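Topology and contacts: notes
The chain contents come next:
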Amino acid sequence: MKKKYYIYLIYLSVVTLVVTVVSVSRYSSTVEGGGSAVVAVPVIEYIPVSATFNGDPLTGVTGGGLVISGFQPGDELVYHFNISNHDGTRQNQVLLKYDISVSFDPDPQVIPLTYTISPAAIYQSQGEWTYLGFNGHETHSYTLTVLWNDNQYGTSHLNQEQLIEIKIDSEQADSLE
């Protein structure tokens, strides 16, 4: 019986040794290669088109802004601009959503101006966001109308300046919501 006991002990020792050697051994391989990653480019371009002041065309419409002096009650500024998914050298490669807002500086306003922004067409939108695609060139046209109401005039408005700024917030959209 002692002999069987030694045989089991030797057998168990051999199995333990084999399992330990196999589990401690390491396998490794080395792979060499190269590659490049491409990141999609978002492109949204603000393009000033034209402006009129009381029906008369204004020259020098640029992205830097318009300077109008002598704005009086009853006057109206109409400003046309576009938002595009290409800038002449690159095209948008992701689905973007954007929102257009107007701000005044100083705020609160020192001149009683009102404004409206009107799109030239119906563009795909969700809430306040408008979508700008990436399959082909896409341009959205807008009109900003700024008006000084005839009934809102006072001496406190004399020699005052008001800056009107168009702000375009954009971000990548996951999908059309």
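Structure shown above.
Along each chain, residues carry numbers from 1 onward, in the same order as the chain's sequence is written. Local features in this predicted model are restricted to residues of pLDDT 70 or higher, and side-chain atom pairs are both shown and tallied only at a pLDDT of 80 or more, whereas totals for entire chains, interfaces and linings draw on every residue. Excluding hydrogens and water, the side-chain values take into account all heavy atoms of the structure.

Here, nonpolar core refers to any group of buried Ala, Val, Leu, Ile, Met, Phe, Trp, Tyr and Cys residues whose side-chain atoms link them within 4.5 Å. Burial classes follow relative accessibility: with a 1.4 Å probe on protein chains only, a residue under 20% of its type's maximum area counts as buried, one over 50% as exposed, and anything between as partly exposed. Of all hydrophobic cores here, the largest spans 22 residues; its most connected members are Phe 71, Phe 81, Ile 83, Leu 113 and Tyr 142. Only DSSP runs of H or I with at least four residues qualify as helices, and only runs of E with at least two residues qualify as strands; both kinds are numbered from the N terminus onward. Where this core is concerned, the elements lending two or more residues are strand 1 (45-53), strand 3 (76-84), strand 4 (96-105) and strand 8 (139-148). Broken down by element, the residue count for this core peaks at five residues, all from strand 4. By definition, residues are in contact when any of their heavy atoms lie within 4.5 Å. In contact with Leu 113, not counting residues within four places along its chain, are Phe 71, Phe 104, Val 146, Leu 147, Trp 148, Gln 162 and Ile 164.

As a further point, take the sheet that holds strand 2 (residues 56-57). On the basis of which strands lie adjacent, the open sheet formed by five strands has the order 2-1-3-8-5 and antiparallel pairing. Each edge of the sheet is formed by a strand with only one pairing partner; in this case those strands are strand 2 and strand 5 (113-119). The rule for pairing is simple: two strands pair if DSSP sees at least two bridges between them. As paired elements, strand 5 and strand 8 share seven bridges and run antiparallel to each other. Paired with Ile 117 across the strands is Leu 144, a residue of strand 8.

Structurally, Tyr 46 can be placed in strand 1. Residues Tyr 46 and Ile 83 lie 37 residues apart in sequence; the distance between their C-alpha atoms is 4.8 Å. Among the polar contacts made by the side chain of Tyr 46, one reaches the side chain of Tyr 79 at a distance of 2.5 Å. Any N or O atom pair separated by 3.5 Å or less is treated as a polar contact, with the protein-specific requirement of one donor-capable and one acceptor-capable atom, and with residues adjacent in sequence counted only for side-chain atom pairs.

Next up on the list: the pairing of strand 8. Strand residues, when the strand is regular, have side chains that alternate between the two faces of the sheet. Along strand 8, seven of the 10 residues are buried, which leaves the element largely enclosed by surrounding structure. With nine bridges connecting them, strand 3 and strand 8 associate as antiparallel partners. Each bridged residue has a counterpart across the sheet, and for Val 78 the counterpart in strand 8 is Thr 145.

By themselves these figures say nothing about function.
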